[in-house]
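Each chain, written out:
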Amino acid sequence: GDLKNKMGSCLGKSSNNGASNSAPNAPPSTEKAEGPEQYELLLLGSGDSGKSTFCKQMTCLYKDRFSNKEVNKYVNILRANALNNIQIICWHLQDKKTDDFHLDTDEGEQAIEIIAEAGSLTEEVVEAIKYLWEEEPLIQEVTNTARIGLDSQTPFYLDNVERFAEEEYTPTIEDILKARLKTTGITETFFSVEETKFRIVDVGGQRSERRKWLSRFRGDITAVLYLAALDEFDKALIEDPDTNRFDESLKLFGEVTSSQWFTETPFIVFMNKSDLFRKKIQQFPSAMKERFADISEEDSADYQGAVHYIQNKYEGAFGGNGRLYMYETCAIDTDGISKVFYAVRDVILSQELARIGF
């Protein structure tokens, strides 16, 4: 008990850098951690890498479950996720329509017109979405292969659109974890794991958000959690369709790790969305080879080989002097991510103990 108490009293200092107070859209902090035993974790990564889902996970695992008000907020978010993504697909089909690239049925063409003009998930719109998703193979093909800025959970939204549209619909934990809402401003999540207190600061991943945060954090951060979506190697940025998401993430990682503010900071990279990446490698064994000339065909078609290739890219781009840790994660798998987080916590604890001379 004495050693545990001694360890607890020697943990990292809580910072008060004002980041949350100056953030335009940050929610008021209802749960300020008391005393100095609090770890500051900065959560970074490019847009749609899974940062907000990670924070939702922490709420789900280590705090009380979501309140009714929070759950209800996701009803409209999930409905919009389904409608917005199928509309992107429909608009793409309308723009690119040729003799070789079109739906074969009049019903399909009518469904596209209904969805393209829709403002909400009416019964007619839901039927049109279900028809396209279940009866038209081209829609699945476009969803899997077209680089048109779709959210990574689009198949889940379209599989469940009828349920989302029900009048009495209540989102499940899985729905909430898969919901997509662009983060603007800075949001904070406070929680404790076995008496160790954490504050995770999540900054928006889109380019326009990044300028707001870099110099704010200076030396106050215990570690940076960097989320890199494994499955994004063949996707374009939502805010810039000409830029590849993997290239953007690798560039951001290089910039942040070599920044003067983070030279000695440990970086913990979560190679995220491992489930979607595994599925993509199985469905399209040559996709990695088409994207990266220097990967072997064997590694391109092998999940672990492909993960190792991407891991090497991030290790090569690392510009810091601190430690670098890398984990494969799937942010919607609560059991898997809790194990990863325990490992992360132990890494941070042992580092703090070494720093104070244990």
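Located above this text is the structure these notes cover.
It should be emphasised that the depicted structure is a prediction, and the values quoted were computed from it without experimental measurement.

So, the overall build of the chain
Scanning the chain from terminus to terminus reveals 18 helices and 6 strands. Considering the chain as a whole, with its 358 residues, one finds that 51% of them fall into the buried category. Looking at the chain alone, contacts between residues at least 24 apart form 74% of all its contacts between residues at least 6 apart. Total accessible area computed for the chain in this model is approximately 17,200 Å², and 45% of it derives from carbon and sulfur atoms.

So, the nonpolar core
Core analysis: the biggest nonpolar cluster contains 37 residues, and Ile86, Ile89, Ile129 and Leu132 have the highest contact counts within it. Secondary-structure elements contributing two or more residues to this core are helix H4 (68-95), helix H5 (106-116), helix H6 (123-135), helix H7 (137-145), helix H8 (154-159) and helix H9 (161-165). Of all the elements, H4 adds the most residues to this core, at 11 residues. Contacts of Ile129, omitting those with residues within four sequence positions, involve Ile86, Ile115, Leu121, Leu158 and Val161. With 34 residues, the next largest nonpolar core counts Val201, Leu230, Phe233 and Phe262 among its residues.

Comments concerning the environment of Glu174
Within the secondary structure layout, Glu174 lies in helix H10 (residues 173-178). Accessibility expressed as a relative area gives 41% for Glu174, which makes it partly exposed.

Side note on the pattern of salt bridges
All told, the structure shown has 10 salt bridges when counted by the stated rule. The salt bridge involving Arg163 is made with Asp175; its shortest N-O contact spans 2.8 Å. One end of the pair, Arg163, is in helix H9; the other, Asp175, is in helix H10, and 12 residues separate them in sequence. Using a relative accessible area of 27% as the deciding quantity, one classes Arg163 as partly exposed. For Lys178, the salt bridge is made with Glu174, and the minimal N-O distance between the two is 2.8 Å. With Lys178 and Glu174 both in helix H10 and 4 residues apart, this pair spans about one turn of that helix. Exposure remark for Lys178: the relative accessible area of 10% places this residue in the buried category.

Topic: the packing of aromatic side chains
A complete count under the given rule lists 19 aromatic pairs for this structure. A centroid spacing of 6.3 Å and a plane angle of 40° characterise the contact between Phe233 and Phe292, whose relative ring orientation is tilted. Note that Phe233 is positioned in the loop between strand S4 (223-229) and helix H13 (245-257) and Phe292 in the loop between helix H15 (287-291) and helix H16 (297-300), a separation of 59 residues in sequence. Both residues of the pair, Phe233 and Phe292, count as buried. For the ring pair Phe253 and Phe267, a centre distance of 6.0 Å and an interplane angle of 90° mean the geometry is edge-to-face. You can see Phe253 sitting in helix H13 and its partner Phe267 sitting in strand S5 (residues 267-272), a full 14 residues away along the chain. Across the pair, exposure class does not vary: Phe253 and Phe267 are buried alike. Each residue in the set Tyr226, Phe233, Phe246, Phe253, Phe262, Phe267, Phe277, Phe292, Tyr303, Tyr309, Tyr314 and Phe318 is aromatic and connected to the rest through ring pairs, giving one cluster. It is Lys178 that lies over the ring of Phe156; its NZ or CZ is 4.1 Å from the centre. Across from the ring centre of Phe233, 5.3 Å away, lies the NZ or CZ of Lys280, which sits over that ring.

Quick word on the packing of H13 against helix H17 (residues 303-317)
Their axes nearest at 8 Å, the elements H13 and H17 cross at an angle of 35°. Helix-helix and strand crossings are classified by hand; for H13 and H17 the assignment is right-handed. Of the residues in H17, those touching H13 at Phe246, Ser249, Leu250, Phe253, Gly254 and Thr257 are Ile310, Lys313, Tyr314 and Ala317. For the contact of H13 with H17, the per-class residue count stands at 6 nonpolar, 3 polar and 1 charged.

Quick word on the pairing of S4
Most of S4 is tucked away, with 7 of its 7 residues classed as buried. Burial along S4 is two-sided: the face carrying Ala223, Leu225, Leu227 and Ala229 and the face carrying Val224, Tyr226 and Ala228 are both buried. Here 4 bridges tie strand S1 (residues 38-44) to S4, and the two strands are oriented parallel to one another. Bridge assignment links Leu44 to a residue of S4, and that residue is Tyr226. As a crossover connection, the stretch from S4 through H13 into S5 is right-handed.

Rules used in this analysis
- Residues numbered from 1 in each chain as written.
- Predicted model: local features only at pLDDT ≥ 70, side-chain atom pairs only at ≥ 80, totals over all residues.
- Heavy atoms only, no water.
- Helix = DSSP H or I, 4+ residues; strand = E, 2+ residues; numbered from the N terminus.
- Buried < 20%, exposed > 50% of the residue type's maximum accessible area, 1.4 Å probe, protein only.
- Contact = heavy atoms within 4.5 Å.
- Areas by Shrake-Rupley, 256 points an atom, 1.4 Å probe, with all protein chains shown as cover.
- Core = buried A, V, L, I, M, F, W, Y, C linked by side-chain atoms within 4.5 Å.
- Salt bridge = Lys/Arg side-chain N within 4 Å of Asp/Glu carboxyl O.
- Phe/Tyr/Trp six-rings, centres within 6.5 Å; stacked < 30°, edge-to-face > 60°.
- Lys NZ or Arg CZ within 6 Å of the ring centre and 35° of its normal.
- Axes fitted to C-alpha atoms, helices over the stretch in contact; angles between N-to-C directions.
- Left-handed = near helix turned anticlockwise from the far one by under 90°.
- Nonpolar A, V, L, I, M, F, W, Y, C, P; charged D, E, K, R; others polar.
- Pairing = 2+ DSSP bridges.
- Right-handed = clockwise from strand over helix to strand, strands pointing away.

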